[in-house]
Number of protein chains: 2
Amino acid sequence: MANPVLVEALRGPAVESLHRGSIAVLDADAGVLLALGETQRPVYPRSAVKALQALPLVESGAADRLGLDDAELALACASHRGEPRHTQAVAGVLAKAGLDADALECGIHWPYDEAAARALAAQGRQPSALHNNCSGKHAGFLCLACALGGDGDVRAFARGYVEREHPVMRAVTAALQATTGWDLAATPQGIDGCSIPTYAIPLHHLALAFGRLGTGQGLAPGQARAAQRLRKAVAHEPFFVAGTDRFDTHVMERLGERVFCKGGAEGMYCAALPERGLGVAIKMDDGNTARAAEVVMAAAVEALLPLGDEDRAFMHGLADVTLRNWKGIEVGAVRATDALRRALAPIGAAAGA
Amino acid sequence: MANPVLVEALRGPAVESLHRGSIAVLDADAGVLLALGETQRPVYPRSAVKALQALPLVESGAADRLGLDDAELALACASHRGEPRHTQAVAGVLAKAGLDADALECGIHWPYDEAAARALAAQGRQPSALHNNCSGKHAGFLCLACALGGDGDVRAFARGYVEREHPVMRAVTAALQATTGWDLAATPQGIDGCSIPTYAIPLHHLALAFGRLGTGQGLAPGQARAAQRLRKAVAHEPFFVAGTDRFDTHVMERLGERVFCKGGAEGMYCAALPERGLGVAIKMDDGNTARAAEVVMAAAVEALLPLGDEDRAFMHGLADVTLRNWKGIEVGAVRATDALRRALAPIGAAAGA
């Protein structure tokens with residue numbers, strides 16, 4: 001059975017392309033409010049779970065001991081765009097840990113922000129590991145290494161921190177397992193773009209984890225406090241979780257702590273909606289995050305939160321996007337399908353959204 | 001009914017994402033060798049039909065009168081990457097027509113080739129309409145305007161050449177209608193990225209048109225000669241139809257006149273296989289060209305042409321692509337599905353491919 005069409009791209013009067021996928025909405029008690037499409041099949045969550053992977057950084061006390069601020073904690077949960085403010089802040093986190101970019105094992109790529117990439121080229125410079133979209137998460141892993149490694153040489157202890165059996169990655173994996181309740185030892189594993197393991201987890205369990213992330217319910221007390229701290233950090237510094245003109249930054253700049261959302265590669269999106277006690281997890285079959293999963297998430301937030309007119313119009317604009325060509329002529333739209341909106345509506349209505 | 005899965009992306013042991021789509025393979029007499037998925041529903045062919053749109057440039061005599069060489073004709077069929085050799089050659093075509101970049105109505109974007117974009121930025125320059133991936137096609141339209149406009153002021157005559165009712169676009173549309181045999185007056189129309197109309201045409205008719213493009217059968221004699229001239233030009237100068245490290249350039253550098261293939265936005269691909277008298281047309285449902293439609297086309301060429309071992313291995317490598325992460329670690333693969341290969345196999349076997 002094919003998953004339902006959640007997003008359609010129109011050009012002129014015709015649907016030009018479409019995106020199938022699945023979405024789960026759960027509360028923190030594992031109550032299922034929506035299971036549209038396959039939500040029990042394990043999928044790689046990729047970067048959508050960075051906030052879960054950052055929990056040990058706070059829970060271990062490392063973040064406090066090193067004095068990480070909100071922007072630095074937001075970076076630990078981030079897929080940033082490699083803009084100067086991002087890379088400078090990541091370098092700052094590494095300095096607090098007594099390390100530098102050489103300790104990062106995430107690999108190197110040009111900034112995802114095209115203007116930042118061109119500016120770097122215009123300066124005659126090459127990218128470093130700081131520009132990798134995952135460098136903030138990795139800097140957080142290295143701070144965690146400071147806490148786990150005791151008084152020895154941090155750099156030596158941290159080496160190989162991306163490997164599954166390293167104490168850093170074991171702590172990260174344990175947090176992922178505790179929050180999702182999914183047996184990661186018995187699920188398909190791949191290697192992520194930044195070289196850490198990625199474990200396949202059903203949307204059902206990812207949505208549950210985000211319900212817990214938003215409410216603290218079902219988490220150990222220290223983990224619940226860490227979750228709240230990370231959510232507040234991102235809400236205060238949403239530029240650092242993504243960057244200029246990015247969905248996550250736009251949404252959290254507008255809605256603050258009402259939403260914590262985070263995209264991942266290959267059509268992944270997760271969100272916590274704390275005031276409703278809900279978690280949302282999305283996977284697009286075709287792996288399209290920017291055009292498809294974001295639109296589904298926008299429609300979900302629009303439907304599930306009680307919003308004022310301006311906020312509602314803002315979210316609607318992200319769920320029904322006008323397409324323009326290189327001359328600025330309107331040529332079509334990318335929008336949430338009626339099928340998706342119909343599925344979401346009853347959950348919103350139940351909360352008076 | 002959902003279209004079949006033609007491409008799958010694996011990470012570790014699991015399928016992470018998949019791409020559904022349709023493929024039609026026809027001969028020049030409209031004999032259907034393969035119709036997998038929906039092939040009778042009109043779809044926007046986008047840039048995949050640039051060679052059909054370039055036929056009037058040659059058939060009108062404009063290309064000869066202005067002395068266009070193979071590289072310049074290849075550019076008329078191109079979605080180029082905005083590399084310096086591309087933009088210089090487009091400027092040369094415009095000069096032959098007594099025009100310059102100001103006459104182009106395709107709009108402006110940064111070069112698709114990232115190295116070219118960064119080099120431009122490093123020089124402190126901004127992109128022009130020459131860098132638009134469609135600027136070669138538009139330069140060809142302006143050359144056609146020279147032939148259609150008589151002895152008057154070309155610049156004045158050409159103005160608005162992207163509009164449906166302009167003599168240039170009427171000639172282009174007539175060529176598209178003649179080769180595909182599809183009634184363009186009665187089909188959905190949209191506006192393309194470069195501002196010309198795009199008409200929805202079923203894959204069945206697009207594959208037929210490419211069967212005709214490759215063989216000349218079913219075309220008027222002048223059109224058949226123009227088709228051959230364009231195919232040879234692209235085969236001789238495949239860099240100019242795409243650019244550095246691009247599928248179309250790679251394939252035609254290796255296989256020359258044995259394949260004419262051309263991608264388009266939103267998951268479109270078309271090809272002519274002249275020695276087998278076949279046309280191929282592909283549309284991926286989700287609009288993914290680079291990762292999905294290219295893999296389907298690679299599998300089709302691999303299956304349909306009788307190839308030597310090296311050429312077969314080359315095409316196989318494009319139909320079963322190893323994925324590596326930012327550190328160069330192998331993390332998965334993107335490959336044609338068994339369902340696609342099984343559907344293609346009998347057509348190849350029939351020709352001893």
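Scroll up a little and you will see the structure.
How each quantity is defined
Residues numbered from 1 in each chain as written. Chains lettered and ligands numbered in written order. Predicted model: local features only at pLDDT ≥ 70, side-chain atom pairs only at ≥ 80, totals over all residues. Heavy atoms only, no water. Phe/Tyr/Trp six-rings, centres within 6.5 Å; stacked < 30°, edge-to-face > 60°. Helix = DSSP H or I, 4+ residues; strand = E, 2+ residues; numbered from the N terminus. Buried < 20%, exposed > 50% of the residue type's maximum accessible area, 1.4 Å probe, protein only. Lys NZ or Arg CZ within 6 Å of the ring centre and 35° of its normal. Expected span 1.5 Å × (residues − 1). Least-squares fit on C-alpha atoms with pLDDT ≥ 70 in both. Salt bridge = Lys/Arg side-chain N within 4 Å of Asp/Glu carboxyl O. Contact = heavy atoms within 4.5 Å. Buried area = accessible area lost by both parts, 1.4 Å probe. Polar contact = N/O pair within 3.5 Å; in protein donor to acceptor, adjacent residues only side chain to side chain. Axes fitted to C-alpha atoms, helices over the stretch in contact; angles between N-to-C directions. Parallel < 35°, antiparallel > 145°, perpendicular 65-115°, else oblique. Left-handed = near helix turned anticlockwise from the far one by under 90°. Lys, Arg positive; Asp, Glu negative; His and termini not counted.

### Remarks on the packing of aromatic side chains
Pairs of aromatic rings are described using the distance from one ring centre to the other and the angle between the two planes.
Line of reasoning, step 1. On inspection of all chains with the given rule, the structure shows 10 aromatic pairs over all chains.
Line of reasoning, step 2. A ring pair is formed by Tyr112(A) and Trp326(B), whose centres lie 6.5 Å apart and whose planes are at 55°; its orientation type is tilted. Here Tyr112(A) is found in the loop between helix H5 (84–96) and helix H6 (114–122), whereas its partner Trp326(B) is found in the loop between strand E11 (320–324) and strand E12 (330–336) on a different chain.
Line of reasoning, step 3. Taking relative accessible area as the criterion, Trp326(B) reaches 39% and is therefore assigned partly exposed.
Line of reasoning, step 4. Both rings, one in Phe210(A) and one in Phe260(A), keep their centres 6.3 Å apart while their planes meet at 15°; by these two values the pair is stacked. In this pair, Phe210(A) sits in helix H10 (residues 203–215) while Phe260(A) sits in strand E8 (residues 260–264), placing the two residues 50 residues apart along the sequence.
Line of reasoning, step 5. We note Arg118(A) situated over the ring of Trp110(B); from NZ or CZ to the ring centre the distance is 3.7 Å.

### A look at helix H11 (residues 221–236) of chain A
Line of reasoning, step 1. A rise of 1.5 Å per residue sets the reference length of H11(A), with its 16 residues, at 22 Å; its end C-alpha atoms lie 23 Å apart and thus fit the reference within 8%.
Line of reasoning, step 2. Among the residues of H11(A), those classed as buried are Gly222(A), Gln223(A), Ala224(A), Ala226(A), Ala227(A), Leu230(A), Arg231(A), Ala233(A), Val234(A) and Ala235(A).

### Describing the relation of the copies chain A and chain B
Line of reasoning, step 1. The two copies are related by a screw operation: chain A maps onto chain B through 180° of rotation and 0.0 Å of translation along the axis, at an RMSD of 0.0 Å. Expressed as an axis order, the relation between the two copies is that of a two-fold axis. No C-alpha of chain A approaches the rotation axis more nearly than that of Ala122(A), which lies at 1.8 Å.

### Considerations on the pattern of salt bridges
Line of reasoning, step 1. Counted according to the given criterion, the structure contains 33 salt bridges over all chains.
Line of reasoning, step 2. Taking the shortest distance from any N to any O, the salt bridge between Glu8(A) and Arg335(A) comes out at 2.9 Å. A residue pair is termed long-range when its members are at least 10 positions apart, and Glu8(A) in strand E1 (residues 5–11) and Arg335(A) in strand E12 (residues 330–336) qualify at 327 residues.
Line of reasoning, step 3. What makes Arg335(A) partly exposed here is its relative accessible area of 31%.
Line of reasoning, step 4. Taken together, the salt bridges that share partners define one network made up of Arg11(A), Glu16(A), Arg46(B) and Asp192(B).

### With respect to the interface of chain A and chain B
Line of reasoning, step 1. Counting residues at the interface gives 48 residues for chain A, matched by 48 residues for chain B.
Line of reasoning, step 2. Taken together, the two surfaces of chain A and chain B that pack against each other cover about 3,600 Å², and 53% of this comes from carbon and sulfur.
Line of reasoning, step 3. There are 4 salt bridges connecting chain A and chain B.
Line of reasoning, step 4. For Arg46(B), the salt bridge identified is with Glu16(A), shortest N-O distance 3.1 Å.
Line of reasoning, step 5. Where chain A touches chain B, the interface holds 26 residue pairs in polar contact (both at pLDDT 80 or more).
Line of reasoning, step 6. Listed by contribution, the elements that provide at least two residues to the side of chain A that touches chain B are strand E2 (14–27), H6, strand E5 (189–191) and E12 of chain A.

### Let's talk about the packing of helix H13 (residues 289–304) of chain B against helix H14 (residues 309–319) of chain B
Residues and elements named next belong to chain B.
Line of reasoning, step 1. Packing of H13 against H14 leaves a shortest axis separation of 7 Å and a crossing angle of 155°. Of the possible angle classes, the one that applies to H13 and H14 is roughly antiparallel. Two packed elements cross with a definite hand, and for H13 against H14 that hand is left-handed. From H13, Val295, Ala298, Ala299, Val301 and Glu302 reach across to H14, where they touch Arg312, Met315, His316, Leu318 and Ala319.

### Remarks on the side chain of Asp248(B)
All names here are of chain B.
Line of reasoning, step 1. With respect to the secondary-structure elements, Asp248 resides in helix H12 (residues 247–255).
Line of reasoning, step 2. No salt bridge is formed by the buried Asp248, whose closest oppositely charged neighbour, Lys262, lies at an N-O distance of 4.6 Å.
Line of reasoning, step 3. In terms of polar contacts, Asp248 uses its side chain to reach the side chain of Tyr269, at 2.8 Å.
Line of reasoning, step 4. Other than its neighbours up to four places away in sequence, Asp248 contacts Val241, Ala242, Cys261, Lys262, Gly263 and Tyr269.

### Quick word on H10(A)
All names here are of chain A.
Line of reasoning, step 1. For H10, with 13 residues, the first-to-last C-alpha span of 18 Å sits near the 18 Å given by 1.5 Å per residue.
Line of reasoning, step 2. Burial analysis of H10 places 12 of its 13 residues in the buried class, the great majority of the element.
Line of reasoning, step 3. For H10, the complete set of buried residues consists of Leu203, His204, His205, Leu206, Ala207, Leu208, Ala209, Phe210, Gly211, Arg212, Leu213 and Gly214.
Line of reasoning, step 4. Taken from the residues just after H10, Gly216 is the one with a positive phi, measuring 80°.

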